[in-house]
Amino acid sequence: DGGITQSPKYLFRKEGQNVTLSCEQNLNHDAMYWYRQDPGQGLRLIYYSQIVNDFQKGDIAEGYSVSREKKESFPLTVTSAQKNPTAFYLCASRGQGLGGVLETQYFGPGTRLLVL
Amino acid sequence: AQSVTQLDSQVPVFEEAPVELRCNYSSSVSVYLFWYVQYPNQGLQLLLKYLSGSTLVKGINGFEAEFNKSQTSFHLRKPSVHISDTAEYFCAVSGTSYGKLTFGQGTILTVHP
């Protein structure tokens, strides 16, 4: 069953703690993305990766870090520098289209991060 | 730079009535346009997309959207809604080679019996 999985579904962070959100896909997609969702603000791009061992900052990268050591995995770490981490985090992936066609982004089920 | 504006934050409607969710965008380059739906505490599911060709795009669950380049709009419509259509709907635009999506703020559609 192909798709994107995110874990955990809920995550609690204490002050000063780093936490890591998992994102795995078995769609053989090259590109992967992390978005943050806050009520009434839509989704904002945190980081993206177009290929293994390469990633770029999105619009709101401060306080976050990522790695892309494997094609199927793109974990996101929320560091203690992120002062307002409470949000719903969504991971997405996109295949490489033929002839420059833009393929659709598919989303995982999300992780809700709460601060204790 | 690109931006997306969803003109209504909330749209209440009665079951079996028609609905239109409005989306306007701005971009300096050619764009690809998308509508996604999100049910509570879930990820986003693609409803439909416009990449090129016919400006009337049909999607899943009976939804359709029309791309209007002169008005820079991509409004979503359904002729008869069901209770199960209650969800948040997001319009998004992409105009870059790396596929970054810029999202609108979302429209919460509530279908009443």
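What comes next is a walk through the structure. Per-chain numbering applies: the sequence of each chain, read as written, is numbered from 1 onward. Chain letters and ligand numbers both follow the written order, the letters beginning at A and the numbers at 1. The model is predicted, so local features are restricted to residues of pLDDT at least 70 and side-chain atom pairs to those at 80 or more, both for listing and for counting; the totals for chains, interfaces and linings are taken over all residues. Only hydrogens and water are set aside; all other atoms, that is, all heavy atoms of the structure, feed into the side-chain values.

Attention now goes to the side chain of Thr-79 of chain A. Residue and element names in this part refer to chain A. With respect to the helices and strands, Thr-79 occurs in the loop between strand E8 (76-78) and strand E9 (87-94). What qualifies as a polar contact is a pair of N or O atoms within 3.5 Å, subject to a donor-acceptor requirement within protein and to the restriction that residues adjacent in sequence count only when both atoms come from side chains. Polar side-chain contacts of Thr-79 include one of 3.0 Å to the backbone oxygen of Gly-63. What makes two residues a contact is simply this: any of their non-hydrogen atoms within 4.5 Å. Excluding residues that lie within four positions of it along the chain, Thr-79 makes contacts with Arg-13, Gln-17, Asn-18, Gly-63, Tyr-64 and Ser-65. Under the scheme used here, helices are H or I runs from DSSP no shorter than 4 residues and strands are E runs no shorter than 2 residues, and both carry numbers assigned from the N terminus.

For the rest of this paragraph, the subject is the packing of aromatic side chains. Between rings of Phe, Tyr and Trp, where Trp is taken as its six-membered ring, a pair exists when centres lie within 6.5 Å; planes separated by under 30 degrees are stacked, by over 60 edge-to-face, and by other angles tilted. Applying the stated criterion across every chain yields a total of 14 aromatic pairs over all chains. Ring geometry for Tyr-33 of chain A versus Tyr-48 of chain A: centroids 6.4 Å apart, planes at 25°, classification stacked. Pair noted here: Tyr-33 of chain A is in strand E4 (residues 31-37) and Tyr-48 of chain A is in strand E5 (residues 43-51), with a separation of 15 residues, a long-range link. Residue classification places Tyr-33 of chain A among the buried positions, given a relative accessible area of 1%. Residue burial is assigned from relative accessible area. The probe radius is 1.4 Å, only protein chains are included, and a residue is buried under 20% of its type maximum, exposed over 50%, and partly exposed in between. Since its relative accessible area comes to 8%, Tyr-48 of chain A is described here as buried. Seen in terms of ring centroids, Phe-63 of chain B and Tyr-89 of chain B are 5.5 Å apart; in terms of plane orientation they differ by 45°. Their pairing is tilted. Taken together, the residues span a long stretch of sequence, with Phe-63 of chain B in the loop between strand E7 (56-58) and strand E8 (64-68) and Tyr-89 of chain B in strand E10 (residues 87-94) at a distance of 26 residues.

Here the focus is the environment of Leu-101 of chain B. Among the structural elements, Leu-101 of chain B can be located in the loop between E10 and strand E11 (102-103). Of the residues examined, Leu-101 of chain B reaches a relative accessible area of 4% and is grouped as buried. Considering only alpha carbons, one finds Leu-101 of chain B and Phe-34 of chain B, 67 residues apart in sequence, at a separation of 8.9 Å. Residues contacting Leu-101 of chain B, with those up to four places away along its chain left out, are Tyr-35, Gln-105 and Phe-107 of chain A together with Phe-34, Tyr-36, Ala-92, Val-93 and Ser-94 of chain B.

This next bit is on the pattern of salt bridges. Residue and element names in this part refer to chain B. Only one rule defines a salt bridge in this text: a Lys or Arg side-chain nitrogen within 4 Å of an Asp or Glu carboxyl oxygen. Taken as a whole and assessed by the stated rule, the structure comprises 9 salt bridges over all chains. Between Lys-58 and Glu-64 there is a salt bridge, with the nearest N and O atoms lying 2.8 Å from each other. Assessed through its relative accessible area of 23%, Glu-64 is described here as partly exposed. Measuring nitrogen to oxygen at the nearest pair gives 2.8 Å for the salt bridge that ties Lys-78 to Asp-85. Both residues of the pair, Lys-78 and Asp-85, count as buried.

Our focus in this paragraph is the side chain of Arg-36 of chain A. Residue and element names in this part refer to chain A. Tracing the chain through its elements places Arg-36 in strand E4. Since its relative accessible area comes to 5%, Arg-36 is described here as buried. Within polar-contact distance, the side chain of Arg-36 engages the backbone oxygen of Asn-84 at 2.7 Å. Among the polar contacts listed, one links the side chain of Arg-36 to the backbone oxygen of Thr-86, at a separation of 3.4 Å.

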